[in-house]
Amino acid sequence: MSLVPHLVNGVALGLLFALIALGFMLIVSVMETINLAHGSFFALGMYIALVVMSPGDGASALLSEYRSLTVGWRYAIALIVAPAIVGGFGMLLEVALRRTYGRDALYGLLLTFGAALVIEEGIRAVFGSTEKQLPLPDAVSGAFMLGDLVYSKYRLFACVFAAVAIALLWLFLQKTPYGSIIKAGAHDSEMVRALGINLARLRLFVFALGVGLAAIAGIVMSPIWGIRPHVGVDAVVPAFLIIVLGGVGSFWGAVLAALLVGLFVGLSGAYASEWSLLSMYLLFIAVVTFRSRGLFGKKSVLDV
Amino acid sequence: MTQAAKGDGERAVANGDDPRGRACSDKPSSPRDPARRTLLGAVAVGLGGATFFGPWKTNHVWAQAAQKKPLVIGLTMDASGQYAASGGEERLGAMMAIKEFNDKGGVLGRRIETLHMDTETTPATGSRVAERMITRNEAAFLIGGLHSGVANAISQVAQKYGCVYFNTNSSSPTESGKDCHRVKFVWDGNGTNFAEAIVKNAIKSSGKNWILLTNDYVWGHNTSKATRTLVEANGGKIVDELMIPQNTRDFSSYLIKLQQIKPEVVAAAVGGDDIKALRQQVVQLGLQKRMAWINNQQDWPDVYGLGPEQIFGVFGTNWYWMLDLPGVKEFVATYQKVYPGMAIQVPGNVYYNGYVATRELLRCVEEAGTTANIAVIKKLEGRKMSARDRMQTYDAWIDAATHQCQQTIYMATYNDQPKVKDDIFKILTQSEPKDVMDADAPKACKLETYEATPTYET
């Protein structure tokens with residue numbers, strides 16, 4: 001049995017894990033807040049994308065015209081609109097979080113945990129508990145042959161999308177003045193404030209960006225994982241693990257950790273299938289035992 | 001994440017107004033209740049007579065009975081975790097049967113209340129919930145089980161106290177085999193029943209080289225074990241068995257391995273959210289066309305809402321809403337009337353099992369004229385139920401040796417010519433119960449004696 005397909009699959013899986021963890025990493029780095037609602041925003045992004053892509057049976061001319069768009073266009077629109085809406089919800093949560101800043105970290109944890117429950121129950125109340133499916137553009141549906149194995153076109157698209165998203169976020173943080181402000185905010189928020197930058201607005205923006213990224217990850221993952229109200233749990237746990245494994249605050253640490261997790265899960269799935277889920281935790285324990293700050297724990301967003 | 005009611009009781013009178021149950025007090029009467037005040041006064045005056053009346057528990061039962069204490073049924077369904085969707089449907093089924101009895105005045109003149117706690121698809125939670133329902137909430141009976149590990153955990157606690165427990169939907173052969181109990185009754189077909197119904201034909205039609213996809217817990221293990229035995233007995237070969245941990249969301253490495261091994265048949269014992277994700281990912285690769293797929297049992301909530309392509313392969317069920325049998329149409333109409341606007345618009349096997357099991361329990365209580373556990377158990381053991389009454393093709397019965405309901409087992413596939421919306425199954429075969437019985441269960445099952453089972457009555 002050839003090892004190569006499983007190595008490729010592991011890297012692909014790692015890119016998807018990285019996409020899931022990006023927003024979580026951004027919020028932890030800049031705001032030092034562990035957003036336990038990350039998974040719920042991930043799920044909310046899926047459901048809002050579902051509405052954007054299939055907006056019901058309304059008879060208005062605008063809606064009819066919108067429905068006549070191809071699935072590909074509606075998918076592209078969903079990738080923009082849904083994260084924007086979820087970002088709005090994220091802003092509301094950030095406003096609620098403000099009273100917890102400077103206090104015991106448990107307050108923030110509890111608040112975001114409570115928000116996660118509320119969002120999940122809200123989804124259940126509005127959309128029900130049954131499985132939903134996101135329509136897919138024809139261009140990324142189906143499979144293709146590589147050697148004598150079949151691969152999913154959509155998975156390839158998702159991996160390329162994840163790689164592009166990682167690169168764009170890095171460029172944004174590294175090459176734009178907004179990125180510089182975010183990094184400075186992560187490093188020394190008091191100094192940023194002293195320089196006349198509105199710290200509250202910065203945090204609001206970063207939080208919205210972080211949950212928007214969670215929503216994007218949700219939309220991209222929905223054809224692979226399926227859409228159900230509690231799907232967020234499947235996202236928040238690996239996201240948290242990856243951030244700690246990579247080293248809190250390290251952009252490339254998180255990406256590398258995600259790739260490692262992907263490889264471990266992929267290879268263990270192929271060669272010791274009963275260990276496939278546990279393998280990421282074993283990797284985590286092994287690394288943290290010898291390096292409690294994670295792989296790149298000393299670095300911060302400033303060092304990307 | 002969990003539902004709001006997670007880990008907390010939610011007690012309701014089943015009246016059909018609210019399918020999720022209506023919260024109310026745990027206490028059946030308030031301290032201002034005159035009858036209760038009189039009683040308390042009498043107890044206060046006659047403190048010295050406490051010994052005469054016996055232990056406090058006995059006094060309590062006597063006092064409550066005098067007030068026609070509501071009959072509390074503990075509903076132990078998952079509301080979160082892998083089987084959350086099925087847990088909700090199963091609960092609605094039980095509530096429907098209870099509503100029908102309450103509409104007639106309850107059972108033995110007592111109104112029926114339900115108390116639901118989320119068992120979280122976690123055995124430890126199942127134990128905790130069962131313990132609490134029996135010791136603190138005085139549940140007369142416990143009903144509900146999707147995950148065989150959870151059902152086993154609940155039944156151990158139930159047996160300790162003697163509380164009758166209905167495992168309505170979990171299907172590990174061990175539930176009516178080595179993990180059977182005098183107080184436990186198993187209502188769904190088990191992995192062996194479904195394997196008996198399909199393996200022989202599948203070897204003839206699809207090939208001898210099989211691979212097993214096994215959910216890595218008690219149901220998956222024992223269902224795959226039964227499949228392996230039958231495949232090998234019929235001249236087939238198991239070329240590999242891949243364990244799938246619960247809550248697996250990415251099956252890519254398994255699917256690559258399947259392509260490398262190239263089996264003729266893939267026999268999956270995968271359930272809940274896992275099978276939904278697996279089906280989606282198989283279709284993305286088109287693997288449903290490259291090898292034959294068998295899913296031992298396909299629960300309705302796990303397939304409802306999936307597209308036609310994703311309902312591939314052959315799978316087992318013990319009931320379908322479009323069976324052309326007496327009573328089915330009316331049963332479906334009642335579901336739609338009582339639970340309008342549900343995401344699942346027609347009932348499936350999980351709802352059905354919840355309903356018929358609860359209905360049978362309440363009938364037995366009425367026939368026994370008591371809620372005393374041994375009397376109810378004796379009514380259930382060996383009980384015969386007509387096909388017409390159960391809306392199945394053949395008569396069913398409860399095996400006195402294993403406490404499993406022996407019933408019709410259907411094999412189905414996707415219906416590409418649906419008569420109406422949601423007519424997504426095409427029934428391929430219907431097996432008589434005697435032809436698909438789990439022959440090993442009576443050997444493995446050692447029911448506790450009546451004497452070793454504590455008496456229990458509330």
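Residues numbered from 1 in each chain as written. Chains lettered and ligands numbered in written order. Predicted model: local features only at pLDDT ≥ 70, side-chain atom pairs only at ≥ 80, totals over all residues.

Caption draft 1: Spotlight on the interface of chain A and chain B. Contact with chain A, which involves 40 residues of that partner, is made by 39 residues of chain B. Elements supplying a minimum of two residues to the side of chain A that touches chain B: α1 (4-31), α5 (105-127), β2 (149-152), α6 (153-175), α9 (199-225), α10 (232-246) and α11 (251-271) of chain A. For the side of chain A that touches chain B, the per-class residue count stands at 15 nonpolar, 17 polar and 8 charged. (Contact = placed C-beta atoms within 7 Å. Helix = DSSP H or I, 4+ residues; strand = E, 2+ residues; numbered from the N terminus. Nonpolar A, V, L, I, M, F, W, Y, C, P; charged D, E, K, R; others polar.)

Caption draft 2: Expanded view of the domain arrangement of chain B. Residues and elements named next belong to chain B. Taken domain by domain, chain B comprises domain 1 (1-28 + 69-189 + 321-407 + 439-458) and domain 2 (191-296). If you look at the interface, domain 1 gives 12 residues, while domain 2 gives 15 residues. Considering every element that reaches the side of domain 1 that touches domain 2, the biggest residue donor is helix α6 (residues 148-161), with 3 residues. Taken together, the residues of the side of domain 1 that touches domain 2 break down into 2 nonpolar, 10 polar and no charged. (Domains from an automatic or database assignment.)

Caption draft 3: View of the confidence of the model for chain B. Residue and element names in this part refer to chain B. Counting all residues, the mean pLDDT for chain B is 87, and 85% of those residues have values of 70 or more. Taken together, the stretch residues 1-9 has pLDDT below 50 and engages in 27 contacts with residues farther than four places along the chain or on a different chain. The low-confidence segment residues 14-65, where pLDDT is below 50, has 38 contacts with residues more than four positions distant or belonging to other chains. Across the assembled chains, the prediction reports ipTM 0.83 with pTM 0.80. (pLDDT = per-residue confidence, 0-100.)

Caption draft 4: Here's a closer look at the nonpolar core. Residues Leu16, Ala18, Ala21 and Ile242 of chain A are the most contacted members of the largest nonpolar core, which totals 219 residues. Per-domain counts for this core show at least three residues from each of domain 1 (1-28 + 69-189 + 321-407 + 439-458) and domain 2 (191-296) of chain B. Residues within four places of alanine 21 of chain A in sequence aside, it is in contact with Ala239, Ile242, Ile243, Ala254 and Ala258 of chain A. (Core = buried A, V, L, I, M, F, W, Y, C linked by C-beta atoms within 7 Å. Buried ≥ 20, exposed ≤ 12 C-beta atoms within 10 Å, placed from the backbone.)

Caption draft 5: Molecular detail of the sheet that holds strand β14 (residues 405-406) of chain B. Residue and element names in this part refer to chain B. Read from one edge of the open sheet, 3 strands run β12-β13-β14, paired in antiparallel fashion. Edge positions in the sheet fall to β12 (384-385) and β14, since each has one partner strand and no second. Where β12 meets strand β13 (residues 396-398), 2 bridges bridge the pair, whose relative direction is antiparallel. Directly across from methionine 385, in β13, lies its bridge partner alanine 396. (Pairing = 2+ DSSP bridges.)

Caption draft 6: Expanded view of the packing of α11 of chain A against helix α9 (residues 252-261) of chain B. As a packed pair, α11 of chain A and α9 of chain B sit with axes 8 Å apart at the nearest point and diverge in direction by 40 degrees. Taken together, the axes of α11 of chain A and α9 of chain B are oblique relative to one another. Pair α11 of chain A / α9 of chain B crosses with right-handed handedness. Of α9 of chain B, the residues touching α11 of chain A (which contributes Gly266, Gly269 and Ala270 of chain A) are Ser253, Tyr254, Ile256 and Lys257 of chain B. (Axes fitted to C-alpha atoms, helices over the stretch in contact; angles between N-to-C directions. Parallel < 35°, antiparallel > 145°, perpendicular 65-115°, else oblique. Left-handed = near helix turned anticlockwise from the far one by under 90°.)

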